[in-house]
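Observations on the three-dimensional arrangement
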Amino acid sequence: ASEAIRDIFGCAPDEVREDFSPIARAILPEDFDALIASIEASAAGMTTWEFEYRVRLPDQPVRWMFGQSTPERLPDGALVWHGFIADVTERKRSEEALNSSQLILEEAERKYRSIFENAQEGIFQSTPDGRYVSANRALATLLGYDSPEDLMSSITNIARLYVDPEDRRRLLTLAEEQGIVTGFETQYVRKDGRTIWASLNERVVRDG
């Protein structure tokens with residue numbers, strides 16, 4: 001064992017060459033049994049040992065360690081592992097932060113999806129060239145289509161919905177210049193040929 005073992009387990013190399021207890025005391029009890037089981041599995045299969053576990057020294061915060069070693073059987077039948085232990089606390093904190101951020105994003109997506117699907121107003125996403133990316137049921141109903149899928153497959157270019165195609169071009173120009181357009185009034189053509197007045201609010205979102 002190298003001198004760096006003092007920083008990890010709080011004991012001298014000589015203390016652990018014949019006695020595992022100084023190391024055992026530093027390992028969190030919640031991780032201890034799984035750690036021992038992983039070592040036993042490595043011994044049984046003569047496979048590389050890899051394991052992440054937590055340690056806590058007196059008056060210090062909990063830290064994460066990653067261990068990796070390769071077992072070798074000696075002529076007398078004993079086993080010895082050649083490996084290392086590294087402090088991966090910062091990586092684990094980063095992973096936990098990323099996981100937390102992911103959970104927040106998933107919750108935001110769930111809420112957005114609920115609003116999108118249940119809103120009484122027509123909501124959609126489209127590309128500048130007029131292709132629907134998504135549309136909710138309220139929009140399909142407003143325009144006389146059976147479902148969002150029916151609407152998006154039938155209308156390959158949104159300009160077809162406008163009574164005056166020039167309105168579509170004006171809307172795109174305003175959106176490009178301002179980023180947000182509110183209360184843009186125009187006439188749409190429904191599936192059954194009837195026309196309706198609509199008020200559009202649009203926001204530009206740049207994706208790549």
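If you're wondering where the values come from, they're calculated on a predicted model, not measured in any experiment.

Conventions adopted
Residues numbered from 1 in each chain as written. Predicted model: local features only at pLDDT ≥ 70, side-chain atom pairs only at ≥ 80, totals over all residues. Heavy atoms only, no water. Helix = DSSP H or I, 4+ residues; strand = E, 2+ residues; numbered from the N terminus. Expected span 1.5 Å × (residues − 1). Buried < 20%, exposed > 50% of the residue type's maximum accessible area, 1.4 Å probe, protein only. Arc of directions from axis to C-beta. Contact = heavy atoms within 4.5 Å. Polar contact = N/O pair within 3.5 Å; in protein donor to acceptor, adjacent residues only side chain to side chain. Pairing = 2+ DSSP bridges. Core = buried A, V, L, I, M, F, W, Y, C linked by side-chain atoms within 4.5 Å.

The next subject is helix α4 (residues 29-45). An ideal rise of 1.5 Å per residue puts 24 Å on 17 residues; α4 measures up with 25 Å between its terminal C-alpha atoms. Every buried residue of α4 is listed here: D31, L35, S38, S42 and A43. End-on, the buried residues of α4 take up no more than an arc of 135°, which puts them together on one face. Every exposed residue of α4 that faces more than 90 degrees away from the buried side is listed here: P29, D33, E40 and A44. Where α4 is buried, its residues meet β1 (49-55), β2 (63-73) and β3 (79-87). With its phi angle positive at about 50°, M46 sits one or two positions after the end of α4.

As for its placement among the helices and strands, Q178 is situated in helix α8 (residues 165-178). For the pair Q178 and E40, spaced 138 residues apart in sequence, the C-alpha separation works out to 65 Å.

Attention shifts here to helix α5 (residues 89-118). Between its first and last C-alpha, α5 extends 43 Å over 30 residues, near the 44 Å set by a 1.5 Å rise per residue. All of the buried residues along α5 are T89, K92 and F116. Here the buried face of α5 lies against β1, β2, β3, β4 (124-126) and β5 (132-135).

Attention now moves to the side chain of T127. Structurally, T127 can be placed in the loop between β4 and β5. Leaving out residues up to four positions away in the same chain, T127 has contacts with V133 and R168.

Turning to the side chain of N136, a few remarks are in order. Locating N136 in the fold gives a position in the loop between β5 and α6 (137-142). Look at N136 and you get buried, because its relative accessible area is 1%. Reaching out from N136, the side chain makes a polar contact with the backbone oxygen of E121 at a distance of 3.0 Å. Polar contacts involving the side chain of N136 include one to the main-chain amide nitrogen of I123, which spans 2.9 Å. Non-local contacts of N136, meaning those with residues more than four positions away in its chain, are made with F116, A119, E121, G122, I123 and P148.

For the rest of this paragraph, the subject is the pairing of β3. Strand residues, when the strand is regular, have side chains that alternate between the two faces of the sheet. Looking at chain direction, β2 and β3 are connected through 9 bridges and run antiparallel. Paired with S69 across the strands is G83, a residue of β3.

Another aspect to go through is the nonpolar core. One finds Y132, L143, L151, L161, Y188 and L200 to be the most contacted residues of the largest nonpolar core, which totals 19 residues. Where this core is concerned, the elements lending two or more residues are β5, α6, α8, β6 (180-189) and β7 (195-203). Excluding residues within four positions of it along the chain, Y132 makes contact with F124, Q125, S126, L139, L143, L151, M152, I155, I158 and L161. With 15 residues, the next largest nonpolar core counts I5, C11, L35 and W49 among its residues.

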